[in-house]
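For reference, the chains in residue letters:
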Amino acid sequence: MGAEDGVAIISKGSNVYKLECVTEGRKTYMTWELRKEAVLETVFDGDGAVLRQRYEKLAAEDIERIINNKIAESMIPKVEHAPYTGITISKPCPKCGAKALKRYAELHKENPVPVMPLYVCSECGTKSYYLTDEYLDDLVKEHRELFTDQELKELDSNHEGFINELKEYIIRIFASKKIMCIKS
């Protein structure tokens, strides 16, 4: 069971809120995880891949207002409540093939959230990553200050080429750390 077009499902767990909805035929999940330093807001696609994550300085009582605003903005006419269940990525572990990948950020709530979405297989313990183009694009847009003027010129003149080159660097870094890539 899951959200249908025009229906939003809200759930609350221990220190986490989740909004599940389908708008314009696209299923998304949003979570707000209460952490000691802030609230981690994460947007996932229908397969459970991270599309965006940000820390927000919010009070817990602000989250319900934000959820209601998102529902109103999306003009979703029906809201249901359900017990909280975590979001899992619907991809197999790149090492053992088990569909047992859990978000590193969810398993290690006391640790800082990694910049790149990492996963741990609950069957074999392998650490892996899954990087969507949408996530990388959002990351670059949100952190332009991390790039030199020359890199920003390249980004503005050849966006796709810049993103592809950045992706290649990331792949090499994770390969050197023996962190496997989850296949698309």
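Since this is a predicted model, take the numbers as computed values, not measurements. (Residues numbered from 1 in each chain as written. Predicted model: local features only at pLDDT ≥ 70, side-chain atom pairs only at ≥ 80, totals over all residues. Heavy atoms only, no water.)

Visitor: Quick question: what am I supposed to make of the side chain of lysine 91 here?
Guide: Relative to the helices and strands, lysine 91 is located in the loop between β6 (78-81) and β7 (101-103). Of the side chains with opposite charge, aspartate 47 lies nearest to the buried lysine 91, which makes no salt bridge, at 4.6 Å. What lysine 91 contacts, discounting residues up to four positions off in sequence, is Ala98, Lys99, Leu101, Tyr130, Ile182, Lys183 and Ser184. (Helix = DSSP H or I, 4+ residues; strand = E, 2+ residues; numbered from the N terminus. Buried < 20%, exposed > 50% of the residue type's maximum accessible area, 1.4 Å probe, protein only. Lys, Arg positive; Asp, Glu negative; His and termini not counted. Salt bridge = Lys/Arg side-chain N within 4 Å of Asp/Glu carboxyl O. Contact = heavy atoms within 4.5 Å.)

Visitor: Can you walk me through the sheet that holds β6 in this structure?
Guide: Picture the strands of a sheet paired through backbone hydrogen bonds; they go either parallel or antiparallel. If you trace the 6 strands from one edge of the open sheet to the other, you get β5-β4-β3-β2-β1-β6, paired in mixed fashion. Two strands in the sheet have a free side with no partner beyond their single neighbour: β5 (50-56) and β6. Geometrically, the sheet is characterised by an average inter-axis angle of 15° between neighbouring strands, direction not taken into account. Where strand β3 (residues 26-34) meets strand β4 (residues 39-45), 7 bridges bridge the pair, whose relative direction is antiparallel. Along β4, the bridge assignment pairs threonine 31 with threonine 42. On top of the sheet, helix α3 (residues 133-142) reaches β3 and β5; it is set at about 35° to β5, its chief contact. (Pairing = 2+ DSSP bridges. Axes fitted to C-alpha atoms, helices over the stretch in contact; angles between N-to-C directions.)

Visitor: Would you mind going over the packing of aromatic side chains with me for this structure?
Guide: Any pair of aromatic rings gets described here by the distance separating the centres and the angle formed by the planes. In the structure shown here, the tally under the stated rule is 2 aromatic pairs. A centroid spacing of 4.3 Å and a plane angle of 20° characterise the contact between tyrosine 129 and phenylalanine 174, whose relative ring orientation is stacked. Taken together, the residues tyrosine 129 in strand β9 (residues 127-129) and phenylalanine 174 in helix α5 (residues 159-176) connect sequence positions 45 residues apart. Just as tyrosine 129 is buried, phenylalanine 174 falls in that class too. With 5.5 Å between their ring centres and 75° between their planes, phenylalanine 147 and phenylalanine 162 make a pair best called edge-to-face. Pair noted here: phenylalanine 147 is in the loop between α3 and α4 (149-157) and phenylalanine 162 is in helix α5, with a separation of 15 residues, a long-range link. Taken as a pair, phenylalanine 147 and phenylalanine 162 share a single burial class, namely buried. Seen from the ring of tyrosine 84, lysine 18 lies directly overhead, with NZ or CZ sitting 5.5 Å from the centre. (Phe/Tyr/Trp six-rings, centres within 6.5 Å; stacked < 30°, edge-to-face > 60°. Lys NZ or Arg CZ within 6 Å of the ring centre and 35° of its normal.)

Visitor: In this structure, what is going on with unusual backbone geometry? I would like to understand it.
Guide: A negative phi angle is the norm for most residues apart from glycine, just as the trans form is the norm for most peptide bonds. Phi at asparagine 15 is positive, roughly 65°, even though this residue is not glycine. Tracing the chain through its elements places asparagine 15 in the loop between β1 (7-13) and β2 (16-23). The exposure class assigned to asparagine 15 is partly exposed, which follows from its relative accessible area of 46%. Within the chain, lysine 178 stands out as a residue other than glycine whose phi angle is a positive 60°.

Visitor: Just to check I follow, could you spell out the pairing of β2 for this structure?
Guide: Walk down a regular strand and you will see the side chains alternate between the two sheet faces. By the criterion of burial, β2 is predominantly enclosed, with 7 of the 8 residues buried. Sheet analysis places β1 next to β2, joined by 6 bridges and oriented antiparallel. Of the residues in β2, the one forming a bridge with isoleucine 9 is glutamate 20. The loop that links β1 with its antiparallel partner β2 comprises 2 residues; one of these, asparagine 15, has a positive phi angle of about 65°. Between the end of β2 and the start of β3, which pair antiparallel, lie 2 residues, with glutamate 24 showing a positive phi angle near 50°.

Visitor: Whenever I open this one, the pattern of salt bridges confuses me. Can you help?
Guide: Two side chains of opposite charge can pair, provided their charged atoms sit close to one another. Enumeration according to the criterion identifies 14 salt bridges in this entry. As a salt-bridge pair, arginine 35 and glutamate 33 come within 3.9 Å of each other at their nearest N and O atoms. The exposure class of arginine 35 is buried, given its relative accessible area of 10%. Residue glutamate 33 is classed as buried on the basis of its relative accessible area, which comes to 4%.

Visitor: Hey, could you run me through the side chain of threonine 28 in this one?
Guide: Take threonine 28: it is sitting in strand β3. Given the relative accessible area of 15%, threonine 28 is considered buried. Apart from the residues within four sequence positions on either side, threonine 28 is in contact with Leu19, Glu20, Cys21 and Phe44.

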